[in-house]
Amino acid sequence: MVLNNKTFLITGIADEHSLAMYVAKAVIKQGGNVICTGLGVSPFHGDLSDRAKDYLNNTFNDFKESIKTHLGSNASAEILDVTLDDNIEFFAKNLFKNDIKIDGILHAVAMDKTIRNKKVKPLLDVTFDEFCGTMDVSAFSLIRLTNSLFKSQVLNPGASICALSYIAAEKVTFHPYRNMSVAKAALERIVIELADEMGRSNGTRVNAIRFSTYLGSKAGAATLTEDDVAKSNRISPLGNASPRDLANEVVHLFRPESRITGEIRHVDGGYHIMG
Ligand SMILES: NC(=O)c1ccc[n+]([C@@H]2O[C@H](COP(=O)([O-])OP(=O)(O)OC[C@H]3O[C@@H](n4cnc5c(N)ncnc54)[C@H](O)[C@@H]3O)[C@@H](O)[C@H]2O)c1
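Here the structure is a predicted model, which means the values were calculated and not measured.

S.K.: Which residues make up the packing of aromatic side chains, and what are the values?
M.R.: Applying the stated criterion to the full structure yields six aromatic pairs. Consider the rings of phenylalanine 8 and phenylalanine 254, whose centres lie 4.4 Å apart with planes at 20°: the pair is stacked. Taken together, the residues span a long stretch of sequence, with phenylalanine 8 in strand β1 (residues 7-11) and phenylalanine 254 in helix α8 (residues 243-254) at a distance of 246 residues. Pair check on accessibility: phenylalanine 8 and phenylalanine 254 agree, each one buried. Geometry around tyrosine 22 places lysine 25 over its ring, the cationic atom sitting 5.8 Å from the centre.

S.K.: Tell me about the state of the cysteines, and please be specific about residues and values.
M.R.: Throughout the structure, instances matching the rule amount to zero disulfides. Cysteine 36 takes part in no disulfide bond, and the closest cysteine sulfur to it belongs to cysteine 162, at a distance of 15 Å.

S.K.: Give a detailed account of the site of the ligand, specifying residues and quantitative values.
M.R.: Close to the ligand lie 28 residues, the nearest being Ser18, Leu19, Lys184, Tyr214 and Ser217. Here an oxygen atom of the ligand and a side-chain polar atom of lysine 184 are 2.8 Å apart. A total of 820 Å² of accessible area belongs to the ligand in isolation, and the protein chains cover 94% of it. Elements represented by at least two residues in the shell around the ligand include exactly β7 (155-165) and α6 (218-223). Tallying contributions element by element places α6 first for the shell around the ligand, with three residues. Tallied by class, the residues present in the shell around the ligand amount to 17 nonpolar, eight polar and three charged.

S.K.: Please set out the nonpolar core residue by residue, giving values where relevant.
M.R.: In terms of nonpolar packing, the biggest core is built from 34 residues, with Leu9, Ile105, Leu142, Leu149 and Leu155 touching the most fellow members. Breaking this core down by element, the ones donating at least two residues are α3 (85-97), β4 (102-107), α4 (128-151), β7, α5 (179-202) and β8 (205-211). For this core, the leading source of residues is α5, giving eight residues. Setting aside anything within four residues of it in sequence, one finds leucine 9 in contact with Ile35, Thr37, Phe91, Ile102, Gly104, Ile105, Leu106, Leu145 and Leu149.

S.K.: Give a description of the packing of α3 against α4 that names residues and reports values.
M.R.: Two numbers describe how α3 lies on α4: the axes approach to 9 Å, and their chain directions differ by 35°. As for the relative orientation of α3 and α4, their crossing is right-handed in sense. Facing Asp85, Ile88, Glu89, Phe91, Ala92 and Leu95 of α3, the residues of α4 in contact are Arg144, Leu145, Ser148 and Leu149.

S.K.: Explain the environment of leucine 123 to me, using residue names and the numbers behind them.
M.R.: Tracing the sequence through the fold places leucine 123 in the loop between β6 (119-120) and α4. The exposure class of leucine 123 is partly exposed, given its relative accessible area of 41%. Residues leucine 123 and aspartate 136, 13 residues apart in the sequence, show an inter-C-alpha distance of 17 Å. In contact with leucine 123, other than residues within four places in its own chain, are Arg178, Asn179 and Val182.

S.K.: So what about α8? Which residues, and what values?
M.R.: Because each turn of an α-helix spans 3.6 residues, side chains separated by three or four positions in sequence point in the same direction. In this model, α8 (twelve residues) spans 16 Å end to end at C-alpha, consistent with the 16 Å of a helix rising 1.5 Å per residue. Taken together, the buried positions of α8 are Pro243, Leu246, Ala247, Glu249, Val250, Val251, Leu253 and Phe254.

Calculation notes
- Residues numbered from 1 in each chain as written.
- Predicted model: local features only at pLDDT ≥ 70, side-chain atom pairs only at ≥ 80, totals over all residues.
- Heavy atoms only, no water.
- Phe/Tyr/Trp six-rings, centres within 6.5 Å; stacked < 30°, edge-to-face > 60°.
- Helix = DSSP H or I, 4+ residues; strand = E, 2+ residues; numbered from the N terminus.
- Buried < 20%, exposed > 50% of the residue type's maximum accessible area, 1.4 Å probe, protein only.
- Lys NZ or Arg CZ within 6 Å of the ring centre and 35° of its normal.
- Disulfide = S-S within 2.5 Å.
- Near = heavy atom within 4 Å.
- Polar contact = N/O pair within 3.5 Å; in protein donor to acceptor, adjacent residues only side chain to side chain.
- Areas by Shrake-Rupley, 256 points an atom, 1.4 Å probe, with all protein chains shown as cover.
- Nonpolar A, V, L, I, M, F, W, Y, C, P; charged D, E, K, R; others polar.
- Core = buried A, V, L, I, M, F, W, Y, C linked by side-chain atoms within 4.5 Å.
- Contact = heavy atoms within 4.5 Å.
- Axes fitted to C-alpha atoms, helices over the stretch in contact; angles between N-to-C directions.
- Left-handed = near helix turned anticlockwise from the far one by under 90°.
- Expected span 1.5 Å × (residues − 1).

Set out below in structure tokens:
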């Protein structure tokens, strides 16, 4: 039980197939507590269209139900839109008020509106707003979250932060993945810069894991085809890594008293070594 008495903030659970759900289960199995956050209607959203409200309400219901069913009653499910400063501020202050301290964060959030029905807009056609929107959700949110938790004094010294990334941050992939690749590259650079800043200020470790293609989640199903996943499985010497492989590695990085920081690791069955 390597995570006994430790508490982790798990972002990015949409449903039971989310990669973050596998991580939450593995954390609990190792004795840790989880606070799970997901999208939903909040007072910080301002005016929302009926369509946006429906989407957020449905997303929150799926999220809450899956937490209850798969993680049990000790896991909390909170609304947190990582693009809204006020929402993050409120969340962090609430933790402080309730004397809850965090020993680590899983950043498993990404969104790119230029990917629709497995079709990806060429980078040349991506608008400034689409570019910034993807950066905001998928990369800058790591700075926002870390800053807010740290400044609200709820990030324990020696905490461990782990972000989920993909090989496309560095290499052009066989399936089109353009605007998001730029955001993943930014996310990885943020990981490295934060590892320096947060290591010195709070003993906090910050790492990223590049994971295999995975069709099971909503994000995976929106981006990938079965052929894509079969192809990366063939190319990888060990075949594609599974969500459980990923969860085990996150637990490894979450362990207290480790000196691993600023790493961009691969849990991808060796895909990254292939030409
Ligand atoms: N599926 C894959 O093939 C794969 C491979 C490597 C890395 N990843 C990364 O893993 C992470 C998790 O993806 P997944 O495959 O589990 O898909 P998923 O769809 O289950 O998770 C993505 C999550 O991002 C959340 N999200 C989007 N916008 C948000 C916002 N503004 N505020 C808060 N949450 C928001 C969604 O609600 C969802 O829970 C992502 O960063 C993804 O890029 C996925």
